[in-house]
Structures are given as structure tokens and as C-alpha cells.
Amino acid sequence: MEITESVEEYLEALFILEEKGKKVAKISEVAGELKVTPPSAVEMLKKIEKEGLVDYRAREGVALTKKGRRLARRIIRNHRIAELLLTEILSVDIDDGLHEGMVCAIEHHITDEMADAVCTKLNHPRICPHGNSIPKGKCC
Ligand SMILES: [Zn+2]
Ligand SMILES: [Zn+2]
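Notes on the structure follow. Throughout this description, residue numbers start from 1 for each chain and increase along the sequence as written. Chains carry letters and ligands carry numbers; both start at the beginning, A for chains and 1 for ligands, and go up in the order they are written. Two thresholds apply to this predicted model, a pLDDT of at least 70 for residue-level local features and 80 or more for giving and counting side-chain atom pairs, whereas whole-chain, interface and lining totals are computed over all residues.

On to the packing of helix H1 (residues 5-19) against helix H4 (residues 66-89), then. Two quantities define a packed helix pair, namely the angle between the helix axes and the distance between the axes. Structural elements are reduced to axes, namely lines fitted to C-alpha atoms, with helices fitted over the stretch in contact, and the angle between N-to-C directions of any two is expressed from 0 to 180 degrees. Secondary structure counts use DSSP, requiring at least four H or I residues in a row for a helix and at least two E residues in a row for a strand, with both numbered from the N terminus. The N-to-C vectors of H1 and H4 enclose an angle of 90°; their axes lie 8 Å apart at closest approach. The orientation of H1 with respect to H4, classified from their angle, is roughly perpendicular. Facing H1, whose interface residues are Glu8, Leu11, Glu12, Leu14 and Phe15, H4 presents Gly68, Arg69, Leu71, Ala72, Arg73, Ile75, Ile76 and His79. Lys, Arg, Asp and Glu make up the charged group, whereas Ala, Val, Leu, Ile, Met, Phe, Trp, Tyr, Cys and Pro make up the nonpolar group; the residues left over, Gly among them, are polar. Here the residues of the contact of H1 with H4 are counted per class, giving 7 nonpolar, 2 polar and 4 charged. The scheme is simple: roughly parallel for angles under 35 degrees, roughly antiparallel for over 145, roughly perpendicular for 65 to 115, oblique for anything else. Residue pairs qualify as contacts under a 7 Å threshold applied to their C-beta atoms, which are placed from the backbone.

Okay, structure coming up:
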């Protein structure tokens, strides 16, 4: 299975839940984060588990593996760097309902080199416009 944008969204959601202290997330929490139904979350998580990116245990919940966390960390970094690219460099309001989708579009396509270039331009910021911490890149 290739790592699709949808897989990346799941990894991102799990990383965010981890940031909130939930190392093992309940399916309902993952589903809530992604606005999908619990059965479709389970179906997807089982596929992602086959790739070795998550540990899924029925009844207990789901956790990122080391490999999954490494990927998730990169997507989160790209997401938060994309937010800063839009707000700090392009002066776009990302919370106007119009550009939030833009941030998500960029996060899946921006290269590490581009993210590092934005990061460097902004002096290696540590938090996004929403106050969430930005994982360090090679440039930091
Ligand atoms: Zn943010
Ligand atoms: Zn940096």
C-alpha cells in the first residue's frame, strides 16, 4: 500500500492525540478527530497496521509505531510550517474557512527542502499560529 493522503491524515490525527497525552487512542477519538465513522476508522487502521505504522488492538485502541510516529512528525511539521508560510509570508487568514483546506493540501505535497526553506526564512519558529509546537527539521 502506498502512503496516501488519507493514511497521512490518520497518522497526523494520532500524533495530535499523542500530543494531548493519549499514547493509546480510542477508535472513537480517532474517528472524532477525522470526522469519520468508527467502523471506517477501524477498517483504515487495520490497513495502516499492515504497513507497520500503527499498533491496533481491539478494545484497547491504537498507537503509533516508531515508524508511524516518524512519518506523522514530518506531516505535522509540514502542516504547521504551511500555516506559517500562509500567515507570516503570504499574509493569508488561514482560519477564514477558505484556506484551512489549503494548509492540508500543502502539507501532503511540500518537500522537506521547501519546508526547511520556509523554516529558515522565519528563523526556525517553534510554534504555529495556533500555539502548537513545530517539530524541528534538518535546518533547525
Ligand atoms: Zn496550527
Ligand atoms: Zn528550521
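In the Ramachandran plot, Lys35 falls in the positive-phi region, its phi being about 55° despite a non-glycine side chain. Position of Lys35 among the secondary structure elements: in the loop between helix H2 (27-34) and helix H3 (38-50). Neighbour density around each residue's C-beta defines its exposure: 20 or more other C-beta atoms within 10 Å make it buried, 12 or fewer make it exposed, and counts between make it partly exposed, where C-beta atoms are placed from the backbone. For Lys35, a count of 7 C-beta atoms within 10 Å puts it in the exposed group. Residues other than glycine seldom take positive phi values, yet Ser91 does so here, at roughly 50°. Looking at where Ser91 falls in the secondary structure, it is placed in the loop between H4 and helix H5 (100-109). Ser91 gets classed as exposed once you count the C-beta atoms within 10 Å, which come to 7.

With that settled, the discussion passes to H3. For the α-helix, the turn length of 3.6 residues means that residues three or four positions removed from each other point alike. The end-to-end C-alpha separation of H3 is 19 Å, in line with the 18 Å expected for 13 residues at 1.5 Å each. Within H3 the residues assigned to the buried category are Ala41, Met44, Leu45 and Ile48. Summarising the axial view, the buried residues of H3 lie within an arc of 105°, below the 170-degree limit, and thus occupy one face. Away from its buried face by more than 90 degrees, H3 exposes Pro39, Glu43 and Lys50. The inward-facing, buried residues of H3 contact H1, H2, strand E1 (54-57) and strand E2 (61-64). Positive backbone phi, approximately 75°, marks Gly52, located one or two places after H3. For a helix, the expected span equals 1.5 Å multiplied by the residue count minus one. This arc describes the spread of directions from the helix axis toward the C-beta atoms.

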